[in-house]
Amino acid sequence: ASGQQTATEIRSVFQRLAQLHGEKVVRKVVACITLCKDGVSEMELMHLLSLDDDVLAEHYEPPVPVVSCIVVTRLLADLQPYLAQRGTSNAMGWYHRQFWEAAEA
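Each residue is numbered by its place in its chain's sequence as written, counting from 1. For this predicted model, a pLDDT threshold of at least 70 governs which residues receive local features, and a threshold of 80 or more governs which side-chain atom pairs are given and counted, while totals over whole chains, interfaces and linings are taken from all residues. Only hydrogens and water are set aside when side-chain values are computed; all heavy atoms of the structure are taken into account.

There is about 290 Å³ of room inside the largest pocket. Here a cavity is any set of points on a 1 Å grid over the protein atoms alone where a 1.4 Å probe fits but cannot get out, and a pocket is any open set with protein on both sides within 12 Å along at least 5 of 7 lines; a residue lines the site when it has an atom within 4 Å of a point. Along its surface, the largest pocket is lined by 13 residues, and Phe-14, Val-26, Arg-27, Val-30 and Ala-103 are the ones closest to its centre. Starting at the N terminus, helices and strands are each numbered in turn, a helix being any DSSP run of H or I of at least four residues and a strand any DSSP run of E of at least two. Of all the secondary structure elements, the ones that give two or more residues to the lining of the largest pocket are helix 1 (3–21), helix 2 (23–35) and helix 6 (97–104). The leading source of residues in the lining of the largest pocket is helix 2, at 6 residues. Classifying every residue of the lining of the largest pocket by side-chain character gives 8 nonpolar, 2 polar and 3 charged. Grid points are joined across faces, edges and corners, and a volume is the space filled by probe spheres set on the points. Each residue gets one of three labels, nonpolar for Ala, Val, Leu, Ile, Met, Phe, Trp, Tyr, Cys and Pro, charged for Asp, Glu, Lys and Arg, and polar for the others, Gly among them.

Confidence of the predictor at the level of single residues is captured by pLDDT, which takes values from 0 to 100. Chain-level pLDDT for the protein chain is 88 on average; 95% of the residues reach the 70-or-more range. Of all helices and strands in the protein chain, the one with the weakest mean pLDDT is strand 1 (residues 60–61) (69), whereas helix 5 (residues 69–79) scores best (94).

Here the focus is the side chain of Thr-34. Among the structural elements, Thr-34 can be located in helix 2. For this analysis, a polar contact is any N or O atom pair within 3.5 Å, provided that within protein one partner can donate a hydrogen and the other can accept it, and provided that sequence-adjacent residues contribute only side-chain to side-chain pairs. Polar side-chain contacts of Thr-34 include one of 2.7 Å to the backbone oxygen of Val-30. A polar contact of 2.9 Å, which involves the side chain of Thr-34, links it to the side chain of Trp-94.

Turning our eyes to something else, we now look at the packing of helix 2 against helix 6. Only the contacting stretch of a helix is used when fitting its axis, a line to C-alpha atoms as for every element, and angles between N-to-C directions run 0 to 180 degrees. Orientation of helix 2 relative to helix 6, taken along the N-to-C sense of each, is 125 degrees, at an axis distance of 10 Å. Relative to helix 6, the element helix 2 is oriented oblique. Of the two possible hands of crossing, helix 2 and helix 6 adopt the one that is left-handed. Of helix 6, the residues touching helix 2 (which contributes Val-30, Ile-33 and Thr-34) are Trp-100, Ala-103 and Glu-104. A per-class count over the contact of helix 2 with helix 6 returns 4 nonpolar, 1 polar and 1 charged. Under this scheme an angle from 65 to 115 degrees is roughly perpendicular, one under 35 degrees roughly parallel, and one over 145 degrees roughly antiparallel; angles in between are oblique. Definitions for this section: a left-handed crossing has its near helix turned counterclockwise from the far helix by less than a right angle. A right-handed crossing has that turn clockwise. Residues count as neighbours in contact if any of their non-hydrogen atoms are within 4.5 Å of one another.

This part is about the environment of Val-67. Inspection of the secondary structure puts Val-67 in strand 2 (residues 66–67). Sequence separation of Val-67 and Asp-52 is 15 residues, and the distance between their C-alpha atoms is 9.4 Å. Not counting the four nearest positions on each side in its chain, Val-67 is found in contact with Met-46, Leu-49, Ser-50, Val-55, Leu-56, His-59 and Val-72.

With that out of the way, let us pick up helix 3 (residues 42–50). Taken as a whole, helix 3 has its buried residues at Leu-45, Met-46, Leu-49 and Ser-50. All buried residues of helix 3 project into a common sector of 130 degrees when viewed along the axis, lining one side. Among the structural elements, helix 2, helix 4 (53–58), strand 2 and helix 5 are those in contact with the buried residues of helix 3. To sort residues, take the accessible area from a 1.4 Å probe on protein chains only and compare it with the maximum for the residue type: under 20% means buried, over 50% means exposed, and anything in between is partly exposed. The arc in question is traced by the directions running from the helix axis to the C-beta atoms.

Let us now look at the state of the cysteines. Any two cysteine sulfur atoms lying within 2.5 Å of each other are counted as a disulfide. Summed over all chains, the structure comprises 0 disulfides. Free of any disulfide, Cys-32 has its nearest cysteine sulfur in Cys-36, 5.7 Å distant. For Cys-69, which is in no disulfide, the shortest distance to another cysteine sulfur is to Cys-32 and amounts to 17 Å. When its relative accessible area of 45% is taken as the criterion, Cys-69 is described as partly exposed.

Below, the structure written as structure tokens:
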């Protein structure tokens, strides 16, 4: 597959995940994974998502204003084939640089 075709396929994966999990949460998780040079853990993603009012509006877990861990867990399960562990921590990042490129486009 050409680089352009691969990028299009990756963006389709992101769009499919947005339909399943919600566009705002998928955009935020993809951005966090892309921007965190040394990777990001599931717990860090939960905290970061809980700071975003738009994500909270879609995935609020009363009484405490945090994103439900199941939201993050389910999305990461669907992203798992495209992620790789970074270092010795629980941090994860994209498996291939083409995911960074597609996410930045």
